[in-house]
Amino acid sequence: MAETAKYTEIITTKEFKINKVEEPEEPEEPEEPVDPRKAPSRLNITIRGTYVGQTVRVFVDTDSDGEKLIRFKPYGADDSAYTEAVPSAIGSYTVRVDVSGTDNFYAASAATNFDIIYLDTPQTAYTIVGTKGNNGYYTSDVYLKAAPGYRISTDSNGPYRDTVPYSDGNVYLERIDDGARTTSVGVSLKLKVDKDAPEIAGTESSVIDGSSFYSDGVGISVSDPSLARLTVNGSSVNVTNGKATITLDPENGTKTFNIRAEDEAGNVSTLRVTVMAAWLKTKIIPANKRLPLVKRENYRLGSGMWRVSGDSTVYSGGSSVFVRSDGNYTFTQVR
């Protein structure tokens, strides 16, 4: 106030602060001559579909029937960056809507900011699907099944399915209802998977499950990286570094062998074979061997003269031999 005869000049000051406004400034509209026949148009913008994986949708509420132009730019970029391409990557953006003037309404423009973000990950993103074995193993293919209401993928771009094969990398979820996607979900579980049963193999091609064959002894090898137990006719066999070798010896007669191998996961392999001593193919009795003979079977002596253990009788070669009871007999050729 200027000084006068009655008043002394007083100067006052007051501090004030201007806050930054995050919303974009309304686009400047070119001045248009006032037309009493026109009215300002209502213009409101609503954004939907702002999760990664969705399609951004812009809803324009206006009473004008003018043509609408919808454009986007990265948040904070110069207006020259506006484009009609709809963004889909995570980030912050500005959308601008321009409505052209008509006979009844003036042209109008409005803009608003929005973010494209990841959907929150559900508390339990997936469950494990597979056949459980022993000692924490799975004995089948293992899958990760998406949480209810979601699909799952090992690639952020899909494809998304109900399940994916187990791996220890990352997975992504997509909500079935609207396609919204989560960020990566780490698979931290280290699962033990063993789908293969122990391998049982014979040194002869005739060794197949359920077979019978002539041999004085056949070798069997059993192997598995996690071989835990091996039995032959119920008796345990030592296993070393996941391997074992056994010989099936018919002991000059006929024997049936039941082999059972099991690994740490619980996978089991079995083999049942019957091995007959080679001489039983012709039933010509060999000399100086302890033979388990069966009554009513027809055996034959080779050439020469023979004596049997426990009997002083000498038998002529080429003759048939029958025993009165099952038992072990040893024949000696005397000349």
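Residues numbered from 1 in each chain as written. Predicted model: local features only at pLDDT ≥ 70, side-chain atom pairs only at ≥ 80, totals over all residues. Heavy atoms only, no water.

*Asks:* I'm lost on the overall build of the protein chain in this one. Help?
*Replies:* A count of helical and extended segments in the protein chain gives zero helices and 27 strands. The buried share among the 335 residues of the protein chain stands at 33%. A separation threshold of at least 6 residues defines the contact pool for the protein chain, and within that pool the share at least 24 residues apart is 52%. Here the protein chain has roughly 21,100 Å² of accessible surface; of this, 47% comes from carbon and sulfur atoms. (Helix = DSSP H or I, 4+ residues; strand = E, 2+ residues; numbered from the N terminus. Buried < 20%, exposed > 50% of the residue type's maximum accessible area, 1.4 Å probe, protein only. Contact = heavy atoms within 4.5 Å. Areas by Shrake-Rupley, 256 points an atom, 1.4 Å probe, with all protein chains shown as cover.)

*Asks:* In this structure, what is going on with the sheet that holds strand S3 (residues 68-74)? I would like to understand it.
*Replies:* Taken together, the three strands give an open sheet; going across it, the order is S3-S4-S5, and neighbouring strands pair in antiparallel fashion. At either margin of the open sheet sits one strand with a lone partner, and together these are S3 and strand S5 (108-116). Averaged over all neighbouring strand pairs, the angle between strand axes comes to 20 degrees, with direction disregarded. Taken together, the nine bridges between strand S4 (residues 91-99) and S5 define a ladder with antiparallel strand orientation. Bridging from a neighbouring strand, Arg96 pairs with Ala111 of S5. (Pairing = 2+ DSSP bridges. Axes fitted to C-alpha atoms, helices over the stretch in contact; angles between N-to-C directions.)

*Asks:* How do you make sense of the confidence of the model for the protein chain when you look at a structure like this?
*Replies:* Low-pLDDT stretches of the model should not have their predicted coordinates read in fine detail. The share of residues in the protein chain with pLDDT of 70 or more is 89%, and the mean pLDDT across the chain is 90. Across residues 1-21 the pLDDT falls below 50, and counting only partners more than four positions away or on other chains, this stretch makes five contacts in the model. (pLDDT = per-residue confidence, 0-100.)

*Asks:* What should I look at first to understand the pattern of salt bridges in this one?
*Replies:* Proximity of charged atoms lets side chains of opposite charge pair with each other. According to the stated counting rule, one finds 14 salt bridges in the structure shown. Residue Arg71 is joined to Asp98 by a salt bridge in which the shortest nitrogen-to-oxygen separation is 2.9 Å. Highlighted residues: Arg71 in strand S3 and Asp98 in strand S4, separated in sequence by 27 residues. Accessibility expressed as a relative area gives 21% for Arg71, which makes it partly exposed. With relative accessibility at 13%, the residue Asp98 sits in the buried group. For Asp168, the salt bridge goes to Lys190, with nearest N and O atoms at 3.2 Å. (Salt bridge = Lys/Arg side-chain N within 4 Å of Asp/Glu carboxyl O.)

*Asks:* Before we go on, may I ask you to explain the side chain of Ser64 in this structure?
*Replies:* Inspection of the secondary structure puts Ser64 in the loop between strand S2 (57-62) and S3. Among the polar contacts listed, one links the side chain of Ser64 to the backbone nitrogen of Gly66, at a separation of 3.0 Å. (Polar contact = N/O pair within 3.5 Å; in protein donor to acceptor, adjacent residues only side chain to side chain.)

*Asks:* Just checking my understanding: could you explain the environment of Arg151 for this structure?
*Replies:* With respect to the secondary-structure elements, Arg151 resides in strand S9 (residues 150-153). Along the chain, Arg151 and Tyr172 lie 21 residues apart, while their C-alpha atoms are 8.4 Å from each other. Residues within four places of Arg151 in sequence aside, it is in contact with Ala146, Tyr160, Arg161, Asp162, Tyr172, Leu173, Glu174 and Ile176.

*Asks:* Help me understand the nonpolar core, please; the structure alone is not making it clear to me.
*Replies:* Burial of nonpolar side chains together is a common tendency in soluble globular proteins. Counting 17 residues, the largest nonpolar core has Val207, Ile220, Leu248, Ile259, Val273 and Val275 as the members making the most contacts within it. Setting aside anything within four residues of it in sequence, one finds Val273 in contact with Val207, Ile208, Ser211, Phe213, Leu248, Lys255, Thr256 and Phe257. (Core = buried A, V, L, I, M, F, W, Y, C linked by side-chain atoms within 4.5 Å.)

*Asks:* In this structure, what is going on with the packing of aromatic side chains? I would like to understand it.
*Replies:* Two numbers describe a pair of aromatic rings. These are the distance of the centres and the angle of the planes. In this structure the tally under the stated criterion is three aromatic pairs. Taking 5.7 Å as the distance between ring centres and 25 degrees as the angle between the ring planes, the aromatic pair formed by Tyr93 and Phe114 counts as stacked. Remark: Phe114 occurs in strand S5 and Tyr93 occurs in strand S4; sequence separation between them is 21 residues. Each member of the pair, Tyr93 as well as Phe114, carries the same accessibility label: buried. Judged by centre distance (5.7 Å) and plane angle (40 degrees), the ring pair of Trp279 and Tyr299 falls under tilted. Of this pair, Trp279 sits in the loop between strand S21 (268-276) and strand S22 (290-293) while Tyr299 sits in strand S23 (residues 299-300); the two residues are 20 residues apart in sequence, bridging distant segments of the chain. A relative accessible area of 10% means that Trp279 is categorised as buried. By the ring-pair criterion, three or more aromatic residues cluster together here, those being Phe72, Tyr93 and Phe114. (Phe/Tyr/Trp six-rings, centres within 6.5 Å; stacked < 30°, edge-to-face > 60°.)

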